[in-house]
Structure formats: structure tokens, C-alpha cells
Amino acid sequence: MRSKPKSKASASAKVDIREVAAHARVSIATVSRTINHVPTVNPTLAARVWKAVAELNYFPNTQARALVSGKSKLLGLIISEITNPFFPELIHEFEQVAVPMGYEILIGSTNYEPEKMELCARRMLERKVDGIAIMTFGFEESLLDRFAGEDIPVVFVDVTPRHPRSSSLSVDYRAGIYEGVQHLAVLGHRKIGFISGPLRLGSAGTRKLAFLDCLRSTGIKPESAWLIEGDHTLDGGRDAMQRILELPEWPTAVMCSNDMTAIGVQHALFEANLRVPADFSLIGFDDIHLAEYTIPPLTTVRMSCIDLAHGAVHSLIANMQPIPGKTETRSQIHTRLIVRQTTGLPKDALSDLAAKPKRVRTGIRE
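Residues numbered from 1 in each chain as written. Predicted model: local features only at pLDDT ≥ 70, side-chain atom pairs only at ≥ 80, totals over all residues. Heavy atoms only, no water.

## Regarding helix 10 (residues 202-217)
Stage number 1. In a regular helix each residue adds 1.5 Å, so 16 residues correspond to 22 Å; helix 10 covers 22 Å between its end C-alpha atoms and thus fits that length.
Stage number 2. Listing the buried residues of helix 10 in full gives Ser203, Ala204, Gly205, Arg207, Ala210, Phe211, Leu212, Cys214 and Leu215.
Stage number 3. Where helix 10 is buried, its residues contact helix 9 (173-187), strand 6 (192-196), strand 7 (227-229), strand 8 (253-256), strand 9 (281-286) and strand 10 (299-303).
Stage number 4. Where helix 10 ends, the next residue or the one after it, Gly219, has phi of about 85 degrees, a positive value. (Helix = DSSP H or I, 4+ residues; strand = E, 2+ residues; numbered from the N terminus. Expected span 1.5 Å × (residues − 1). Buried < 20%, exposed > 50% of the residue type's maximum accessible area, 1.4 Å probe, protein only. Contact = heavy atoms within 4.5 Å.)

Written out as C-alpha cells, the structure reads:
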């Protein structure tokens with residue numbers, strides 16, 4: 001009886017780098033350099049190697065490569081909350097940059113809890129990642145010394161670098177928030193509230209301070225009762241708006257520290273039979289993809305996931321080969337207002353104008 005031919009998958013288990021080299025008619029060193037994404041490989045030879053890899057269904061042994069090279073080809077990415085759409089979008093963009101450069105991604109989520117941050121850090125160190133991007137907007141700075149002790153490049157958000165192999169992405173919160181405040185002021189709003197994130201997070205406090213500064217620079221006095229601390233979640237936004245609705249006097253517009261909060265605010269207003277923007281104007285922050293699909297679509301301040309991902313990956317790779325005497329780096333992440341349909345004139349603005357007495361010109365000198 002004739003034996004069944006081996007499947008491609010089972011055959012691939014025996015394929016090694018020597019067979020790939022023979023199939024591609026190149027040296028083993030060329031195969032190794034190609035699959036490790038060394039940029040100096042001749043493009044024609046590299047194309048033959050990748051063709052052989054596909055035809056033989058060859059899978060490089062990444063652990064073996066790490067042992068030989070001393071590099072894991074892993075980048076760690078620590079985020080705050082996987083359920084917030086902003087962070088899956090950031091992960092996607094991070095992979096779009098890192099994977100073509102030959103890196104795999106190890107992801108950890110802290111849910112804003114210091115204990116989970118410690119566990120994520122330990123996991124990254126155990127897996128010998130080549131660099132770590134801490135995109136939590138609430139980083140415990142004491143961990144930076146730990147990463148520095150392991151000589152691991154680190155990039156993070158809104159924390160001043162303290163080591164030669166660390167860098168920071170500095171978000172220009174003020175620019176986008178100022179545009180938002182000016183937009184509301186031009187529409188005629190003078191009663192503007194703000195729902196922040198948890199103020200134990202540095203970025204949440206920074207966004208709130210930027211809002212207050214922009215409000216005052218526009219000549220609008222902040223009202224403390226309309227400054228509510230939220231938690232960057234849908235439920236937090238809903239609860240915060242319900243607290244505002246319990247006040248004897250309401251603002252005519254509300255800015256939020258992130259889009260998830262703003263969407264929660266929209267839901268609270270819907271439950272109260274109030275309309276956006278007829279009764280309240282609303283602005284979020286982040287510009288998650290979902291913001292385009294709320295009803296009505298959300299006006300928000302864009303903080304680009306693409307810019308964050310590109311800045312993080314390229315900073316890590318630059319810090320993997322430190323230059324003697326190199327100083328710490330900070331990259332600016334720009335923000336800007338995206339106007340959609342949740343902002344409009346203050347309630348009763350047109351009727352107030354209509355109620356004002358008009359002076360009739362008679363042509364008679366008075």
C-alpha cells in the first residue's frame with residue numbers, strides 16, 4: 001500500500017534555514033539577514049529568500065534567533081484600558097509600524113491600576129523585550145528606573161525623560177482644547193462645564209488645567225460647580241452629566257476629557273429628554289473612530305493614534321542604539337478640533353436676540 005504524501009504543514013516542520021538557502025540559491029547568512037530585516041541585503045536576493053520561505057512554508061524559530069542575536073524582536077506596549085476604543089486603535093497603528101520592521105508586539109493593559117502596571121512591567125522584563133512603549137497617560141515614574149537598570153529603551157507619554165535611553169511623547173493638549181473653547185465662545189457660549197478624567201492621572205489634570213487656562217484667556221469665568229471629575233468611561237460620563245443636571249443652574253456647553261466620557265454624556269442627556277446640540281453643546285477629546293457614528297456625530301479634539309504610534313516605535317528603535325552623549329528626546333504630538341454636529345448656538349440664543357428692542361432709524365435728527 002502506498003503511503004499518503006505528507007501535507008505541506010507536516011513537511012514544513014522539518015524545513016530549516018539550510019533548505020531555504022538551497023531553495024533560494026543563496027547563502028545561509030543571506031537567509032538569516034533577510035528574515036531579520038537587515039536593510040543592506042540585496043533586494044533581488046531578498047525577494048528570492050521570501051519566495052522560498054513562502055513555497056516551503058518555513059517559519060523562523062524566533063526563540064532561537066533571539067538566543068543567537070541577543071534580541072527578542074519583541075516590543076512591549078502597555079496601555080490603560082483595552083475596552084476604550086482609543087487603545088485598540090492605537091494598538092492597530094503600532095502594529096502597522098512595527099510589524100513591517102520585523103517586530104512582534106507584546107501587549108499589557110493596566111486598567112489604571114498601579115498593581116497591574118507592575119505586573120505588566122514584570123512580564124515585559126521576563127520576555128526580554130527590546131523596548132517598551134508605555135501609552136497609559138498615567139505612568140508610575142518609579143518604574144522607569146527599573147527599566148533603565150535593565151538597559152531597556154522606554155518611550156512614554158507626558159513624563160520628562162530621565163535616562164539616555166528614554167524618550168517622551170508630549171501631547172499639545174492646550175492647542176486642541178483652546179480651539180474647542182474658542183469654537184464654543186464664537187457660538188455664544190459663556191457657561192461651559194468640563195468633565196475630567198481621574199485627577200490622580202497626570203494627563204487628566206493637564207487637560208483640566210489646559211481647559212481652565214483657555215477659558216480664562218477667552219474672558220470666561222469658570223464655575224466650580226460645573227467642573228466634575230469623571231473616570232474616562234461611558235458610565236462615568238453618564239454619572240457626571242446626571243450630577244450637572246441636578247444643579248440649580250446648568251451650563252450651555254460641556255467639554256470632556258475623552259470621547260468615552262462625552263458619549264456617556266450624550267446618553268445621560270437622551271435619558272433626560274434633552275437634545276444635543278439644541279439644549280447642550282458637547283465636545284470630546286481623542287477622536288476615536290466611534291465619534292463619527294454617534295447620533296449626532298461628536299465634535300471632538302483629535303489626538304492622532306497614527307502620530308503616537310509612529311513616534312513611539314521610531315523613538316524606541318532610535319534608542320536601541322544609543323549615541324554617546326545623546327540627550328533625552330521629546331516629540332510633540334499635535335491636537336486639533338474636529339467640528340461635527342454636537343455643537344451649536346446656546347439654547348434660546350435666537351429667541352433672546354429676537355426679544356431685544358430694535359432701534360428704528362427715522363431719518364429725523366435726535
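## Some details on the pattern of salt bridges
Side-chain pairs of opposite charge can arise where the charged atoms are in close proximity.
Stage number 1. Using the criterion set out here, one finds 9 salt bridges in the structure.
Stage number 2. Of the charged contacts, one joins Lys191 and Glu249 as a salt bridge, the two residues approaching to 2.8 Å between their closest N and O atoms. In this pair, Lys191 sits in the loop between helix 9 and strand 6 while Glu249 sits in the loop between helix 11 (234-245) and strand 8, placing the two residues 58 residues apart along the sequence.
Stage number 3. Here Lys191 falls in the partly exposed class, since its relative accessible area comes to 34%.
Stage number 4. The class of Glu249 is partly exposed, set by a relative accessible area of 42%.
Stage number 5. Across the salt bridge formed by Arg275 and Asp279, the nearest N and O atoms sit 3.7 Å from each other.
Stage number 6. Note on Arg275: relative accessible area 54%, which makes it exposed.
Stage number 7. Salt bridges linked by common partners bring Arg275, Asp279 and Lys347 together as one network. (Salt bridge = Lys/Arg side-chain N within 4 Å of Asp/Glu carboxyl O.)

## As for the packing of helix 9 against helix 10
Stage number 1. Interhelical geometry of helix 9 versus helix 10 gives an angle of 45 degrees and a closest axis separation of 9 Å. The angle between helix 9 and helix 10 places the two elements in the oblique class. Both helix 9 and helix 10 take part in a crossing whose hand is right-handed. Contact with helix 9, carried on its side by Tyr173, Arg174, Ile177, Tyr178 and Val181, involves Ser203, Thr206, Arg207, Ala210, Phe211, Asp213, Cys214, Leu215 and Ser217 of helix 10 and no other residues of that element.
Stage number 2. For the contact of helix 9 with helix 10, the residue count by class is 8 nonpolar, 3 polar and 3 charged. (Axes fitted to C-alpha atoms, helices over the stretch in contact; angles between N-to-C directions. Parallel < 35°, antiparallel > 145°, perpendicular 65-115°, else oblique. Left-handed = near helix turned anticlockwise from the far one by under 90°. Nonpolar A, V, L, I, M, F, W, Y, C, P; charged D, E, K, R; others polar.)

## Looking at the sheet that holds strand 6
Stage number 1. A sheet is described by the order of its strands in space; here 6 strands give the open sequence 7-6-8-9-10-12, paired in mixed fashion. Each of the sheet's edge strands pairs with one partner strand only, and the pair in question is strand 7 and strand 12 (335-338). Across this sheet, the average inter-strand angle for adjacent strands is 15 degrees, counted without regard to direction.
Stage number 2. Strands in contact with helix 12 (residues 259-271) are strand 6, strand 8, strand 9 and strand 10; relative to strand 9, the strand with the most contacts, it is inclined by about 155 degrees. (Pairing = 2+ DSSP bridges.)

## Some remarks on the nonpolar core
Stage number 1. With 70 residues, the main nonpolar core has Phe94, Ile177, Phe211, Met241 and Met255 as its most contacted residues.
Stage number 2. At 7 residues, the largest contribution of residues to this core is made by helix 6 (residues 86-98).
Stage number 3. Contacts of Met255, omitting those with residues within four sequence positions, involve Ile177, Gly180, Val181, Leu184, Ile192, Gly193, Phe194, Ile195, Phe211 and Ile283. (Core = buried A, V, L, I, M, F, W, Y, C linked by side-chain atoms within 4.5 Å.)

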